[in-house]
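# Report on the structure
These are the residues of each chain, in order.
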Amino acid sequence: MDADASPSRRDPNALRWEALRAWVLEAGLARANLFYTCGVLAASMSISGAITWLAGRSVATALAATAVCVLSVAPLTGYVVLKLLYELERSRQTIRQLAITDELTGSFNRRHFREVGEVELLRARRYGTPLALILIDADHFKRVNDTHGHQCGDVLLREISLACRATLRSTDLLARLGGEELAVLLPQTDLAGALAMAERIRQEVARLALAWRDETVEATISLGVAALRPEMTSLDALLHEADVALYDAKRSGRNRVCGARWQTAAAGVAG
Ligand SMILES: Nc1nc2c(ncn2[C@@H]2O[C@H](COP(=O)(O)OP(=O)(O)OP(=O)(O)O)[C@@H](O)[C@H]2O)c(=O)[nH]1
């Protein structure tokens with residue numbers, strides 16, 4: 001461990017500030033306000049008490065001194081407390097954003113996808129509304145990495161994610177499930193709608209032409225689509241059906257959209 005980083009070696013003022021931040025965070029807004037109000041009053045009364053004693057114990061002087069103290073101490077302290085609380089709120093928002101975002105692509109991460117997916121599944125089952133899922137997997141991505149390098153693969157993955165996002169509606173949720181696999185959750189969307197959306201995403205990605213060093217790198221993706229059925233009680237069941245469809249898309253040549261087998265047959269849609 002770096003000795004200079006140990007708490008005992010650090011600037012005492014910085015340590016005090018950190019301790020204050022930690023305390024406010026722990027105490028919460030309501031308690032912080034209560035402590036703050038009590039603190040200002042106590043400080044003001046102590047100072048005014050001293051002035052009163054020095055000035056000959058006059059009650060009027062004590063009251064005036066208290067008022068002056070409250071007015072002069074409170075705005076400054078209030079500003080500091082408010083600024084601290086504002087900073088803490090911003091930190092909380094940043095932490096929350098980081099916790100649900102995939103670092104590489106900027107889309108949502110797997111954990112958030114599952115959280116939202118479970119809620120949307122319950123909502124769809126409760127109100128009998130449609131819900132669909134698209135699984136997306138980049139084609140021959142190992143080849144991209146091997147030919148142009150891992151860094152290029154990362155940039156291409158980000159571009160693919162951006163192309164997907166540009167195609168979606170604001171109510172759809174795009175997440176990176178891991179590796180070169182993405183997922184889109186589409187509330188209020190049936191199988192036919194999701195297949196159409198998947199095809200638009202496929203075309204958008206096929207248009208990508210990433211300039212990398214002296215070359216142009218292109219990408220294609222395979223997509224598997226499934227829609228919620230009444231007998232599906234878990235998100236995993238929906239994921240499984242979309243995964244089988246994705247496997248079909250890979251096996252039948254890649255760069256294509258496949259719908260869940262029996263669903264497309266039953267609905268008579270082209271998958
Ligand atoms: N650059 C980059 N590569 C990744 C990332 N995650 C996974 N990969 C690579 O993606 C490749 C996936 O390889 P495979 O599972 O064989 O699949 P593929 O080459 O895309 O072939 P198909 O899926 O069958 O079309 C591997 O080489 C992984 O290293 C990532 O975050 N960045």
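Attention here is on the structure that accompanies the text. All values derive from a computational prediction rather than experimental measurement. (Residues numbered from 1 in each chain as written. Predicted model: local features only at pLDDT ≥ 70, side-chain atom pairs only at ≥ 80, totals over all residues. Heavy atoms only, no water.)

Next up on the list: the packing of aromatic side chains. Applying the stated criterion across every chain, the model contains zero aromatic pairs. Seen from the ring of Tyr127, Arg126 lies directly overhead, with NZ or CZ sitting 5.2 Å from the centre. (Phe/Tyr/Trp six-rings, centres within 6.5 Å; stacked < 30°, edge-to-face > 60°. Lys NZ or Arg CZ within 6 Å of the ring centre and 35° of its normal.)

Let's shift gears to the site of the ligand. Surrounding the ligand, one finds 17 residues, the nearest of these being His140, Phe141, Asp154, Arg176 and Arg254. Contacts to the ligand include Lys250, whose side-chain N or O atom sits 2.8 Å from an oxygen atom. Relative to its unbound accessible surface of 660 Å², the ligand loses 68% to contact with the protein. Ranked by the residues each element gives to the shell around the ligand, the list is headed by helix α5 (residues 150-167), at four residues. Taken together, the residues of the shell around the ligand break down into four nonpolar, five polar and eight charged. (Near = heavy atom within 4 Å. Polar contact = N/O pair within 3.5 Å; in protein donor to acceptor, adjacent residues only side chain to side chain. Areas by Shrake-Rupley, 256 points an atom, 1.4 Å probe, with all protein chains shown as cover. Helix = DSSP H or I, 4+ residues; strand = E, 2+ residues; numbered from the N terminus. Nonpolar A, V, L, I, M, F, W, Y, C, P; charged D, E, K, R; others polar.)

Our focus in this paragraph is the environment of Ile134. For Ile134, the position within the fold is in strand β1 (residues 131-138). For Ile134 and Arg207, which are 73 residues apart along the polypeptide, the C-alpha to C-alpha distance reads 19 Å. Not counting residues within four places of it along the chain, the set of residues in contact with Ile134 comprises Leu182, Ala183, Val184, Leu186, Ala194, Met197, Ala198, Ile201, Leu223, Gly224 and Val225. (Contact = heavy atoms within 4.5 Å.)

Looking now at unusual backbone geometry. Unusually for a residue other than glycine, His140 sits at a positive phi of about 45 degrees. Relative to the helices and strands, His140 resides in the loop between β1 and α4 (141-148). Positive phi outside glycine occurs at Arg254, with the angle close to 70 degrees.

Another point: the state of the cysteines. One pass over the full model with this rule turns up zero disulfides. The thiol sulfur of Cys152 is not disulfide-bonded, and the nearest other cysteine sulfur, from Cys164, lies at 17 Å. Looking at Cys164, it has no disulfide partner, and the nearest cysteine sulfur is the one in Cys258, 17 Å off. (Disulfide = S-S within 2.5 Å.)

Quick look at the pairing of strand β3 (residues 181-187) now. With respect to burial, β3 is a largely interior element, six of its seven residues being buried. For β1 and β3, the ladder comprises seven bridges, and the chain directions are antiparallel. Residue pairing for β3: Leu131 is matched across the bridge by Pro187. Pairing of strand β2 (residues 173-178) with β3 involves five bridges; the strand directions are antiparallel. Paired with Gly178 across the bridge in β3 is Glu181. (Buried < 20%, exposed > 50% of the residue type's maximum accessible area, 1.4 Å probe, protein only. Pairing = 2+ DSSP bridges.)

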